[in-house]
Amino acid sequence: MKKIGVLTSGGDSPGMNAAVRAVVRKAIFMDVEVYGIYQGYNGLINGNIQKLELGSVGDIIHRGGTMLYTARCEEFKTKEGQKKGIEQLEKFGIEGLVVIGGDGSYQGAKALTEWGYPCVGVPGTIDNDIPGTEYTIGFDTALNTVIDAIDKIRDTATSHERTFIIEVMGRNAGDIALWSGLAGGAETVLIPEEKFDMDDVITRLNKGQERGKKHSIIVVAEGVMSGNEFADRFKEATGMDTRVSVLGHIQRGGTPTASDRVLASRLGAKAVELLVSGNGGRAVGIEKNQLVDYDIIEALAKPHHIDLEMYNLSKELSI
Ligand code: ADP
C-alpha cells in the first residue's frame, strides 16, 4: 500500500490530534503517502481531501479537538453515500483508510469493509464504550475534567451543606460516571448498566448526614436520565431541593492527558502497520496494556462491559 487516508468522525475527543499525528508520521516513516480527509464522512463524500506532510501535524499533540474537523453525515449511512465515498478515495488513489472515532464512525468503517475497501478503526471517544478495547482515546482526559469539576462542586456543597447532582456524558455507557464518581468520592453513582432504587439512594445520603457529612454528591450518567429529571424525582421522594450541574461539552475539550496522548500515539501507529501490511477490516485497541486488533465486524457485535466490581467498590467506599 502506497497511499492511505485518515479521518476523524462523530463526537470529537481529546487525543484525536495525537492519533492523527501518529498515523501521518508512522505512514511517512514507512514511505507511505497520507491524505487527510476533512469533516469526517461528509468530507469523504465531497472530496475534501488533502495530502499531509510531516509538518502538517506539527504542534498538535497537546491540543484537544481534531485538526481534521469532524461531522455527522446521514448520507454515509446509505449505500449511495458509501459508494460516493469510495469513488473519491479511488479518484485520489487512496488504497486504505484509518477511521478515528466512536461507535457510529466504526459503523461507517464496517460499511466500507463490507464493500471490500480496507479500513482500520481507532477508538476515539470520551465515552469508553467501544468493544475490543479497555480504554478509548479521550476517556482519561474527560475523566480528569469531570473530577476537577466534582472537586470544585464539593467545596461549595460542603459550605452550603447541600446535595449536588452532577450529570456527566457517556451516552449509553456508565464509564465516565463510575470512574469519576469513584475518583471524586461521590456518595452515589448512577449508571445505565445497573438499575437504581431511590429508597437506597436516600438511605445512603441520610446515613452520611447522620454521621456528620456536610456534602452529598450524586453523579448521574446521561444514559440513566438527565440530572434535572433526577432532581425532580428526588424532590418528589424527599421534599428536598438539590442543585444540578450539567457538565456538558467541557468534557469533550481540553489538553489531552499524557495517558491519552500515549494511547493515541500507540493506536494510531498500530493502525497504519495493519493497513499497510494488508490487514484491513480491523479495529485496534488496548487490553492489559498490550495492543490488540480485532475483525471490525466481530468487534462491533461484542457488547461493551462495565466493571461491576468497581461499581460495588464505589458503593462500599462512599458509605
Ligand atoms: P460517533 O462515531 O462518535 O459514535 P456518530 O454515531 O454520530 O458518532 O457517527 C458518526 C458518523 O458515522 C455518522 O454521522 C455517519 O456518517 C457514520 N455512521 C454512523 N452509523 C453508520 C452506519 N450504520 N453506516 C454507515 N455510516 C454510519
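The rules behind the values
- Residues numbered from 1 in each chain as written.
- Predicted model: local features only at pLDDT ≥ 70, side-chain atom pairs only at ≥ 80, totals over all residues.
- Heavy atoms only, no water.
- UniProt positions renumbered as here; feature names shortened; annotations may be inferred.
- Phe/Tyr/Trp six-rings, centres within 6.5 Å; stacked < 30°, edge-to-face > 60°.
- Helix = DSSP H or I, 4+ residues; strand = E, 2+ residues; numbered from the N terminus.
- Buried < 20%, exposed > 50% of the residue type's maximum accessible area, 1.4 Å probe, protein only.
- Lys NZ or Arg CZ within 6 Å of the ring centre and 35° of its normal.
- Near = heavy atom within 4 Å.
- Polar contact = N/O pair within 3.5 Å; in protein donor to acceptor, adjacent residues only side chain to side chain.
- Areas by Shrake-Rupley, 256 points an atom, 1.4 Å probe, with all protein chains shown as cover.
- Pairing = 2+ DSSP bridges.
- Contact = heavy atoms within 4.5 Å.
- Axes fitted to C-alpha atoms, helices over the stretch in contact; angles between N-to-C directions.

As recorded in an unreviewed UniProt entry, the protein goes by the name ATP-dependent 6-phosphofructokinase, listed as coming from Rossellomorea marisflavi. What UniProt states about the protein under its Function (unreviewed entry) heading is, verbatim, "Catalyzes the phosphorylation of D-fructose 6-phosphate to fructose 1,6-bisphosphate by ATP, the first committing step of glycolysis." Quoted verbatim from the Pathway (unreviewed entry) heading of the UniProt record, the comment on the protein is "Carbohydrate degradation; glycolysis; D-glyceraldehyde 3-phosphate and glycerone phosphate from D-glucose: step 3/4."

A. Spatial organisation of the packing of aromatic side chains. Tallied over the entire structure, the rule returns 6 aromatic pairs. On the numbers, 4.1 Å between centres and 5° between planes, the contact of Y41 with F76 is stacked. A residue pair is termed long-range when its members are at least 10 positions apart, and Y41 in helix α2 (residues 40-46) and F76 in the loop between β3 (49-52) and α3 (79-91) qualify at 35 residues. The same class applies to Y41 as to F76, namely buried. Each member of the aromatic cluster is reached from another via a ring pair, and the members are Y135, F139 and W179. The ring of Y294 carries K302 above its face, with NZ or CZ at 3.6 Å from the centroid.

B. Region of interest: the site of the ligand. Taken together, 16 residues surround the ligand, and among them G11, R72, C73, G104 and S105 come closest. At 3.3 Å, a backbone N or O of D103 approaches an oxygen atom of the ligand. Taking 560 Å² as the accessible area of the ligand by itself, protein coverage stands at 83%. Element by element, the count of residues in the shell around the ligand is highest for helix α4 (residues 103-114), at 5 residues.

C. A look at the pairing of strand β6 (residues 163-168). Summarising burial for β6: 6 of the 6 residues are buried, a large majority. Residues T163, I165 and E167 point to one face of β6 and F164, I166 and V168 to the other, with burial holding for every one of them. Across 6 bridges, β6 lies against strand β8 (residues 216-221) in parallel orientation. Across the sheet, F164 pairs through a bridge with I217, a residue of β8.

D. Structural context of the UniProt feature "binding site: Mg(2+)" (unreviewed entry) in the protein. When the UniProt feature table is mapped onto this chain numbering, "binding site: Mg(2+)" (unreviewed entry) sits at D103. With respect to the element layout, D103 can be found in helix α4. D103 sits in the partly exposed class, given a relative accessible area of 27%. D103 has contacts with I130, R171 and L300, leaving out every residue within four places of it along the chain.

E. Inspection of the sheet that holds β6 at higher detail. Judged by pairing direction, the sheet is parallel, and its 4 strands sit side by side in the order β7-β8-β6-β9 without closing on themselves. In the strand order of this sheet, the two ends are held by β7 (188-190) and β9 (243-246), each with one partner. The average undirected angle you get between the axes of adjacent strands in this sheet is 20°. Pairing between β6 and β9: 4 bridges, direction parallel. Residue pairing in the sheet places I166 in a bridge with S245 of β9.

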